[in-house]
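Breakdown of the fold
This is what each chain is made of:
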Amino acid sequence: MDDSLETALEGVGSRLRSLRTDRRFTLAGVSAGTGISVSTLSRLESGQRRATLELLMPLARIYGVTIDELVDAPATGDPRVHMRPFRRHGATIIPLTEQAGGIRAYKYILPGKAAPSQPQLKTHEGYEWLYVLSGKLRLVLGEKELVLSSGEAAEFNTRVPHWMDNATGDSVEFLALFGPQGERAHLRARPAGSGRS
């Protein structure tokens, strides 16, 4: 087998793990969405199982990436970035970075809704930064609740229970950066009720 192909296939496991954790999927959730068993997914991510086209196709679909991205295929000279939006919990999420692992950037679009949602706080490893492009974003961090308006930013450790959604019935658009623990953007948000409403 060609050395470059062998190297590309060896890196599939770590890319699959990064994609899954970046999107906050569980192995069970990916298994349910692809029909691939949890044990096979675990072996793929750990490098104990070699990736095949039959396994990569449903994984590329659920992660919203191309098979070329999964295997880190060499560039073809086309300078365009081919990012595919995906939907989760009603939100449209547009990846803005190509590489799996490290800091990842996304644009979120949350459509307007008639009634506010009940917060469902979650935690995970890493650090998160938000910047609101338009609308108002409701951010719950532990026992604190913030409303971020257009042009405002926040940063927080994702081990703190957190949740976000529309603060009003209108749509909201924001940028989100996810990074490994310890890397910070040094941006802060104003608590709800102070300054602009």
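Provided above is the structure to which this section pertains.
Here goes a summary of the coordinates provided. Keep in mind that this is a model prediction, so the values were computed, not measured.

A few words now on the overall build of the protein chain. Summing up its helical and strand segments, the protein chain has 6 helices and 9 strands in all. Of all 197 residues assigned to the protein chain, the portion counted as buried reaches 38%. Summarising the internal contacts of the protein chain: among those between residues at least 6 apart in sequence, 63% fall at separations of at least 24. Per element, the accessible surface of the protein chain, about 11,100 Å² overall, is 53% carbon and sulfur.

With 20 residues, the main nonpolar core has Tyr108, Leu130, Leu137, Leu139, Met164 and Phe174 as its most contacted residues. Of all the elements in the fold, those that place two or more residues in this core are strand 2 (91-95), strand 3 (104-110), strand 4 (127-134), strand 5 (137-141), strand 6 (144-148), strand 7 (153-157) and strand 9 (172-179). Dropping the residues within four chain positions of it, leucine 130 is found in contact with Leu137, Leu139, Glu152, Ala153, Ala154, Phe156, Met164, Phe174, Leu175 and Ala176. Grouped together as the second largest cluster of nonpolar side chains are 17 residues, Leu16, Phe25, Leu55 and Leu70 included.

What follows deals with the packing of aromatic side chains. Counted under the stated rule, the structure contains 4 aromatic pairs. Ring geometry for tyrosine 108 and phenylalanine 174: centres 4.8 Å apart, planes at 10°, overall stacked. Remark: phenylalanine 174 occurs in strand 9 and tyrosine 108 occurs in strand 3; sequence separation between them is 66 residues. With respect to class, tyrosine 108 is no different from phenylalanine 174; both count as buried.

Let us now look at the environment of serine 37. Residue position: serine 37 is located in the loop between helix 3 (27-34) and helix 4 (38-46). Along the backbone, serine 37 and leucine 27 are 10 residues apart, and their C-alpha atoms lie at a distance of 8.8 Å. For serine 37, the side chain forms a polar contact with the side chain of threonine 40, separated by 2.8 Å.

Looking at chain direction, strand 5 and strand 6 are connected through 5 bridges and run antiparallel. Bridged to leucine 141 within strand 6 is lysine 144. If you look at the hairpin formed by strand 5 and strand 6, you'll find 2 residues sitting between the two strands, and glycine 142 has a positive phi there, around 60°.

A separate point is the pattern of salt bridges. Pairing of side chains with opposite charge becomes possible as their charged atoms draw close. Summed over the entire model, instances satisfying the criterion amount to 6 salt bridges. Its salt-bridge partner being glutamate 45, residue arginine 17 comes within 3.9 Å of it at the nearest N-O pair. Placement of the pair is arginine 17 in helix 2 (residues 12-22) and glutamate 45 in helix 4, with a sequence separation of 28 residues. As a salt-bridge pair, aspartate 165 and lysine 113 come within 2.8 Å of each other at their nearest N and O atoms. Here aspartate 165, found in strand 8 (residues 162-166), pairs with lysine 113, found in the loop between strand 3 and strand 4; they are 52 residues apart in sequence, far enough to count as distant. Here lysine 113 falls in the partly exposed class, since its relative accessible area comes to 29%. Overlapping salt bridges, with partners in common, bring together Arg17, Arg20 and Glu45 in one network.

At a closest axis distance of 10 Å, the pairing of helix 3 and helix 5 (residues 53-63) adopts a crossing angle of 110°. With respect to each other, helix 3 and helix 5 are oriented roughly perpendicular. Relative to helix 5, the crossing made by helix 3 is right-handed. Here helix 3 contributes Gly29, Val30, Gly33 and Thr34 to the contact with helix 5, which in turn contributes Pro58, Leu59, Ile62 and Tyr63. Grouping the amino acids of the contact of helix 3 with helix 5 by side-chain chemistry returns 5 nonpolar, 3 polar and no charged.

Reading guide: rules and limits
- Residues numbered from 1 in each chain as written.
- Predicted model: local features only at pLDDT ≥ 70, side-chain atom pairs only at ≥ 80, totals over all residues.
- Heavy atoms only, no water.
- Helix = DSSP H or I, 4+ residues; strand = E, 2+ residues; numbered from the N terminus.
- Buried < 20%, exposed > 50% of the residue type's maximum accessible area, 1.4 Å probe, protein only.
- Contact = heavy atoms within 4.5 Å.
- Areas by Shrake-Rupley, 256 points an atom, 1.4 Å probe, with all protein chains shown as cover.
- Core = buried A, V, L, I, M, F, W, Y, C linked by side-chain atoms within 4.5 Å.
- Phe/Tyr/Trp six-rings, centres within 6.5 Å; stacked < 30°, edge-to-face > 60°.
- Polar contact = N/O pair within 3.5 Å; in protein donor to acceptor, adjacent residues only side chain to side chain.
- Pairing = 2+ DSSP bridges.
- Salt bridge = Lys/Arg side-chain N within 4 Å of Asp/Glu carboxyl O.
- Axes fitted to C-alpha atoms, helices over the stretch in contact; angles between N-to-C directions.
- Parallel < 35°, antiparallel > 145°, perpendicular 65-115°, else oblique.
- Left-handed = near helix turned anticlockwise from the far one by under 90°.
- Nonpolar A, V, L, I, M, F, W, Y, C, P; charged D, E, K, R; others polar.

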